[in-house]
Structure formats: C-alpha cells, structure tokens
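# Residue-level structural notes
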Amino acid sequence: MASAFDAIVAYDAGIDNVISYADITADKCASIVEGAIYTRPPKQKHNTAIMIGGSDLDKGEALKKAVQEQFFGRFRVSVMLDSCGCNTTAAAGIALLAKHHTLANKTATVLAGTGPVGQRAAVMLAQAGAKEVRLTSRKLARAEQACKLAEAQYHVALQAYACADDQSLSASLEGSQIAFCAGKTGVQLIKAEQWQNHPDLEAMVDVNTQPPLGIEGIEMADNNTLYRDRYAIFGGLAVGALKLKLQRACIAALFEHNTLELDSEEIYKRAITLLK
Amino acid sequence: MASAFDAIVAYDAGIDNVISYADITADKCASIVEGAIYTRPPKQKHNTAIMIGGSDLDKGEALKKAVQEQFFGRFRVSVMLDSCGCNTTAAAGIALLAKHHTLANKTATVLAGTGPVGQRAAVMLAQAGAKEVRLTSRKLARAEQACKLAEAQYHVALQAYACADDQSLSASLEGSQIAFCAGKTGVQLIKAEQWQNHPDLEAMVDVNTQPPLGIEGIEMADNNTLYRDRYAIFGGLAVGALKLKLQRACIAALFEHNTLELDSEEIYKRAITLLK
Amino acid sequence: MASAFDAIVAYDAGIDNVISYADITADKCASIVEGAIYTRPPKQKHNTAIMIGGSDLDKGEALKKAVQEQFFGRFRVSVMLDSCGCNTTAAAGIALLAKHHTLANKTATVLAGTGPVGQRAAVMLAQAGAKEVRLTSRKLARAEQACKLAEAQYHVALQAYACADDQSLSASLEGSQIAFCAGKTGVQLIKAEQWQNHPDLEAMVDVNTQPPLGIEGIEMADNNTLYRDRYAIFGGLAVGALKLKLQRACIAALFEHNTLELDSEEIYKRAITLLK
C-alpha cells in the first residue's frame, strides 16, 4: 500500500502532485524512472523527483540503486531514500540528542536496532562521534548482520548485542550513556526500573508515538525532559515534530535541482541545520 | 478499485488532494490512519479527513470502527461513511420525499432494500416518521437480517418482506403510500401496470440513472412529477443531483474541524438543510 | 502499474487532477466511466476526460470501445487512446518526416512494426500518402496479422515482411526511401553498414531514447540531420520533444468539450498543426 504519511508530508512540503506506487522493487521501477526522466525538458527536470519509501530498507536501497542506474547524461532527477521514515526519524532523534548532549566519547545503545530506523540511528550515532555504538536485536545473528551491513556501507564499527530478556538488556545498557529506542509501535523495550536508577545512562530517545511507549515511565511529549534530575528524555512527539519538519525540508530540497541524492548523511546534516 | 466517482466529487468539494486506496478492510487501515493523524500539527489536523467508500456497507462499517478505534487524544480526524453512496443517495431521496410529502403515519416500502442504499433508506424513512417501513429482498432471510441489523444499530423497527415475483411485490406494496426503489443499475423492480392504478401509492423514488429504470414508465429526470394526477415520481437524476450536492457539502464539512463523524443521521440532517 | 509518464504529461498539460488506474480492461471500466459521466452537470462534463494508456494496444482499443459503449445521451466525456504512446509517438515521427520530406510515391519500411508505435506509424505513413508501406516483424505471421488489423480498421494496405537477420532486413529496405524504427528501448535494428551506403534510403526515424539506439551510428538528438550528404535522420529526442508537445496538446484538447475522440487520425492531424 502506498504511504499516506509520505504523500501528506510531500503535499505539506509544497509539492503540487504526488504520484504514488506500492510494491515497487528494483526490477519494477523502469517505467516510473522513464516517466521521471523523459517527460520534462532539461531546465524543468528538477520539477520531478523520486522518493523511495516502503517498509523494507534493504529493498529500498536496492530500489534506489536500480533507479540511479537508469539515469544517464542529463536524464536524471533527485532521489531520496527514507524507507519506513528511517533516515528522517533517526536523524531527528540523533540531532536532538546531539544538540543538547555531547556524543563524543560516549557509549550508545540502539535498542531494536535491526529495523530501518534503528540501523540508521546506529550509523548516525557512530558518525556523530560516539565512541562505541551497540546495536541490539532479539537474535544476535540479526544484530551481527546489521552491524556488518553498516560497516560495509558506512565504514562504521558497531557492536552487536542480543537483547531478549531483562538480563541481556542490562548487559547492553551497561556502560551506556545513551539509549535510542527504535522499536515498533506499542512495544515496550525498557521497564521503568531498568533505567530510573541506572548508573551510566544520561540521555534516552524513544520514537514511539502510541502507548505503550518504548520506555516505561516517560511521556511521548518529553523534549529533553529531565527525570530524577539526571536522565534527559526525548519522546516520540519531540522526535516526530522534528522528523516531519525535516522530511518536508528534504522533500522540498529535491526540487531545487535535479541531481540531489538524499540518504543517511545528507539527511542528518539537514537535521542539524534545522536545529541551529 | 478506488472510486473515481468519490474522488471527482471530493475535488469538486474543493479538496486539494485526494489520496485513494482500494481494498482497504478493517485489518489493513492502520498505516493510512497513522498518515492521517500524525502528519499535521493539532491546529492543522482538520486539513486531513477520511472518507470510507467501497461497495460493501458491512465492511465499510467495520472499517469505520477500526479507523476510529485507532484515534486517541488529539490524534484524530473527521470520518465519513458512504459505502456505495448509501448515505448520500438514500438521504437525497428521502429528503426530497419529505420536502414534498408528509411521511408521518405513512407506510413505506423499500424495494431491493438489502443493498447499502436500501438499508439506509429504510432507516431514514423510519427516523423521518413513517409509521411502517417495509424492507424487501428476493429472499426473506436476507430482508430479515437487514431489518435486525437496522434495529440493532439504529433502534428502528422494520418489516421484512420477500419480493420475488409479481404477487409478492403486490403484497409488499399493499397499503403502502411510499415506494423507494434502491435496485441496481438497469434492474426493473416495478412494472407500469403494478403502480399506475395502485390504490394506495402516492409517491415513489427510483435511484436508477441508466435505462431500464427501477420503475417502468417514469423518466429519470422526474422531480416530484405527477403521473395520472396522483403519483408523484422522483427519478434518478433528481435524486442524483441532490446526492452530488449533498456529498460535496458533507466532504467539505469534514475539513471544518477534526472531530466530525458523518454517517446516516448527520448526513440526512444535512440533506434536509440543503433543501431548505 | 499506472503510467507515471502519462500522469506527468497530463499535469504539464494543465490538468488539475489525474486519477490513475492500472490493469483496467474492457470488463473492468464500468465504475470509472460512471464516475466520469455522472459526477458533473452537463455544462461541466467537459472538465472530466478519459485517457487510455497501457502497454497493449489491442486491449486499449477494446477498452476504448467499452468506455464509449457506456456513454449515452449527454452522459459522455472526451476519450483519448494512446496505449504505449502509440499515437503521439508515431504521429510525431511521421509529422516530422512529412514536414521535411515528401512521402507521396515513396516506399516506407516500419521496422519492429507490430508494437503499438509501429502499427500506428505504418497506418499514418499510408494515410500520409506513401505509395507502399512495409511492416516488419521477426515473425512473418505476426507482421501479417498486424497488416490485416490495420486494413480492417483503417482501410490501408500494408505489406508484411519478416525481418529476422541481415538478409531479411536488407530485403525489407530494398527500394525503401523511408525507414521508421519502432523497436523497444535498447534494441538495435539497423547496423551502420546497412544504411550508410544504402542506394534507396533518404530519411530515417528512430524513436529510441536510450543507447543502444535503433539505428547504429546516429545521435538521438538528430533532427533532420544529414549524414553523408544524403541520409536525413530524426532521432528519439527530436521525435520525443514533439511527442510530448503533442501529447500535452491532445490532453488539453480533451477538456474543450465533452465529445472529443482522439485516436490515430485526429492525433496525426494535430501533430501536423503543431509543426505549422
């Protein structure tokens, strides 16, 4: 099903017409790309752009590659990858963190890190200067695979952690100053008792916008809200507000010229700029 | 297939952008609702609304319920249910009747009453004051089921009639002053000889806009047109013109605030207002 | 998949809202046609029109027939058939040829003539006055079938040629002054050595816009470009630029009144007008 969310954000970004497609994979994009690159003369090609959404980041990346391989000469348009909102959500969360807290020399744990948002959050934390970034999954093998992918693509070293119960969660948070909860809607990842007396944690982000939240005992409107005088919390609404602003800004930017490529790094930079 | 009809009417209602989906059932609406409730800030949430169409009223009602169950706090948008045009078509037909003819203490028969339009027409006739409302179907069991549903949902008592041949049709019309033909396009429900000397009938509505019409011997442009000095007829074009005006008005109203719910009763009220 | 190309061109033609459908065949168009013919009052019916695209011309023609059969009385809208861009691409190519070169008394060969563009190009060449028009396919039977269809529909006599190797290609071009290459993207139809010393050829059109082109040794930007002082070449970009202008003009024309029918002949006439 084509994303209503992305279409609405695109309209709010000022785009005149959104043409949505569902179930597009790398082998099915040729006619869409033809429509994008051939219909307008060189000086108007920047009036068309392609945004790749979907819920599967691997497929999204393969699709982006296929789209760009079809470009040639002046026959190209700007492209943005944001499967599952991965880049804009992760960038919003990390940019908020980075604005208020030093990331350099910190250890950060990304819980539920194998999903699109988690994968990107881990990479962005590493690129933003965190000393150690841990990526957790219920199964170690999946976490390891995500770490390998991130290393191959972004040249960052991530640590894989299994996180299947209270004990393994504690292990993944031990020595962590930062926690980023990238879990699915309505899945609690950290109980109140697991963070409210934690000796190392300083700041936590949760992207959830529907109860139960990823972190028990916080509010989704928390925006660098201090709990117990020491734990700074960023809830889903604070992240979401910046994510929406960022997504609109990125989509609008696609139409400035016809050669822009917006993925992880470019989108994170734009999040930082929006917060200045 | 997403409805072209509803999309065009929505554009004519002044809506900027219609995002259409096909085959959405209660278990598939989550991401659409997320797109509707999360993308815009509180003061702009009224700029998004959900209209539920489709050809199946039961599924439409289940979908409406699922959509509304996903709303919480300020995270909600206006919703309209009009599967198969049931509410707007029935409301237009009954409002036209009610403007020109007293419904109080009358007996009304809804032919082909188990479809979306027929079900709603029967309920609206009862709520508009008809003394007795008969709902017919080719099979008695289906008529009885529709009557039970209407009673459970709208607390109105309807009488189920089987209507499979000339004789049973006559029985369903005996003592009826009002007949409402809600049959499918091109299906004749009443022969000329069955109404043109009928001792009780006073007014008849037919929603058909393509020959053969539901009532033999009328014109689809009839608008309270008197036949034989005693039978007032409302044809499909008269009903359709008000239905379109009503549907546009209802869709436009969805965007006035973000908490409107437009279903049978609200839509009927708006039809009455449009005719004042 | 609904065509992005056609939607973008429609927006560029000034259309406010494009409602796209995929996989529509003659048996599935009823509700779309209802939406088109019933939603707007007589004086505004010209604000809706139907464009039939798709990649299959036979299905497109059957669909056009089904759409028009559903029209009655004033309940009709303008219709355009352009499956696979057949009419606009062929008309653009032939109109360019006809502007710069006499077609009367010439022999023309349409290579890869059984596709939508090739079929229409052959018919238009015949109607534009060519003495003999050859339609080639890798299999003779397919070429013969296309010729029969063209004769039945457009009352033009075409000659079927098999064209499966160098020798049969040479035979199909022998005595031809005109060659029209209607092959698929990236399929070379004529080698450089097969045309650069050809005794009869005078002008060639290639609709390809992605290398390798249909004619080896040309540029897709060629626009009546003379090679070896004697071969005038029209490449895919020259054809494409006029095709786009023509498609926009045709789509815009659909909304002038509600009874226009744009297919092969009308579209070719409009191409000629655009070049005047």
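What comes next is a walk through the structure. On a predicted model such as this, the values are computed, not experimentally measured, just so you know.

A count of helical and extended segments in chain A gives ten helices and ten strands. Taken over C-alpha atoms, the radius of gyration comes to 19 Å for chain A, in line with the 19 Å a tight globule of 276 residues would show. A principal-axis box enclosing the C-alpha atoms of chain A has dimensions of 60 × 35 × 35 Å. A burial count over chain A gives 55% of its 276 residues as buried. For chain A, long-range pairs separated by at least 24 residues make up 72% of all intrachain contacts whose partners lie at least 6 apart in sequence. Of the roughly 11,700 Å² of accessible surface on chain A, a fraction of 48% belongs to carbon and sulfur atoms. One way to put it: in chain A the 28 positive side-chain charges average out to a point 5 Å from where the 30 negative ones average out.

Residues and elements named next belong to chain B. Note that S83 resides in the loop between β2 (78-81) and α4 (86-100). Assessed through its relative accessible area of 0%, S83 is described here as buried. Only 2.7 Å separates the side chain of S83 from the backbone oxygen of G53, close enough to count as a polar contact.

Glancing now at the pairing of strand β9 (residues 231-234) of chain A. The two faces of the sheet receive side chains in turn, since in a regular strand these alternate between them. All names here are of chain A. Burial of the side chains of β9 extends over both faces: Y231 and I233 are buried on one face and A232 and F234 on the other. Alignment of strand β8 (residues 223-227) against β9, held across four bridges, turns out to be antiparallel. Looking at the pairing, L226 lines up with A232 of β9. Hairpin connection, β8 to β9: the antiparallel pair is bridged by three residues, and R228 has positive phi, about 50°.

Each partner contributes to the interface: chain C provides 17 residues, whereas chain B provides 18 residues. Roughly 1,500 Å² of surface becomes buried between chain C and chain B when both sides are summed, with 64% attributable to carbon and sulfur atoms. The largest contributions to the chain C side of the interface with chain B come from Y21, Y38 and T39 of chain C, which together make up 36% of the buried area. Across the pair D12 of chain B and R40 of chain C runs a salt bridge whose closest N-O atoms are separated by 2.6 Å. Here chain C is connected to chain B by five residue pairs in polar contact (both at pLDDT 80 or more).

Superposition of chain A onto chain C requires a rotation of 120° combined with a translation of 0.0 Å along the rotation axis, giving an RMSD of 0.0 Å. Here the two chains are linked by the operation of a three-fold rotation axis. Judged by C-alpha distance, N17 of chain A is the residue of chain A that lies nearest the rotation axis, at 4.8 Å.

Proximity of charged atoms lets side chains of opposite charge pair with each other. Within this structure, the stated rule accounts for 34 salt bridges over all chains. The partner of D263 of chain B in a salt bridge is K64 of chain B, with the nearest N and O atoms 2.8 Å apart. Of this pair, D263 of chain B sits in the loop between β10 (261-262) and α10 (264-275) while K64 of chain B sits in helix α3 (residues 57-70), placing them 199 residues apart in sequence. K64 of chain B matches D263 of chain B in its accessibility class, with the two residues each being buried. Beyond isolated ion pairs, a larger network of salt bridges with shared partners links E61, K64, R120, E261 and D263 of chain A.

Moving on to the sheet that holds strand β10 (residues 261-262) of chain C. Residues and elements named next belong to chain C. As summarised here, the arrangement of the three strands in space is β1-β2-β10, forming an open sheet in which the pairing is parallel. The two strands at the open ends of the sheet, each matched to only one other strand, are β1 (49-52) and β10. Note that β1 and strand β2 (residues 78-81) share four bridges and pair parallel. The residue of β2 that forms the bridge with I52 is L81. Those strands touched by helix α9 (residues 236-253) are β1, β2 and β10, and its axis lies near 160° from that of β2.

Here the focus is the sheet that holds strand β6 (residues 178-181) of chain B. Sheets are built from strands paired through backbone hydrogen bonds, the pairs being either parallel or antiparallel. Residue and element names in this part refer to chain B. Reading across from one edge, β5-β4-β3-β6-β7-β9-β8 is the order of the seven strands in this open sheet, with mixed pairing throughout. The sheet is open, and its two borders are formed by β5 (159-162) and β8 (223-227), each paired with just one other strand. Within the sheet, the average angular offset between the axes of one strand and its neighbour, ignoring direction, is 20°. Across four bridges, β6 lies against strand β7 (residues 203-206) in parallel orientation. The residue of β7 that forms the bridge with A179 is M204. In the packing of helix α5 (residues 116-127) onto the sheet, the strands contacted are β3 (107-111), β4 (132-137) and β6, and the crossing angle to β3 comes to about 170°.

Our next topic: the pairing of strand β9 (residues 231-234) of chain C. Across three bridges, the pairing between strand β7 (residues 203-206) of chain C and β9 of chain C is parallel. Opposite V205 of chain C, over in β9 of chain C, you have F234 of chain C as the bridge partner.

All names here are of chain C. If you trace the backbone, A130 turns up in the loop between α5 (116-127) and β4 (132-137). Note: C-alpha distance between A130 and A108 (22 residues apart in sequence) is 6.8 Å. For A130, the residues in contact, after removing those within four places along its chain, are L103, K106 and L125.

Reading the values: the criteria
Residues numbered from 1 in each chain as written. Chains lettered and ligands numbered in written order. Predicted model: local features only at pLDDT ≥ 70, side-chain atom pairs only at ≥ 80, totals over all residues. Heavy atoms only, no water. Helix = DSSP H or I, 4+ residues; strand = E, 2+ residues; numbered from the N terminus. Rg over C-alpha atoms; globule rule 2.2 N^0.38 Å. Buried < 20%, exposed > 50% of the residue type's maximum accessible area, 1.4 Å probe, protein only. Contact = heavy atoms within 4.5 Å. Areas by Shrake-Rupley, 256 points an atom, 1.4 Å probe, with all protein chains shown as cover. Lys, Arg positive; Asp, Glu negative; His and termini not counted. Charge placed at Lys NZ, Arg CZ, Asp CG, Glu CD. Polar contact = N/O pair within 3.5 Å; in protein donor to acceptor, adjacent residues only side chain to side chain. Pairing = 2+ DSSP bridges. Buried area = accessible area lost by both parts, 1.4 Å probe. Salt bridge = Lys/Arg side-chain N within 4 Å of Asp/Glu carboxyl O. Least-squares fit on C-alpha atoms with pLDDT ≥ 70 in both. Axes fitted to C-alpha atoms, helices over the stretch in contact; angles between N-to-C directions.

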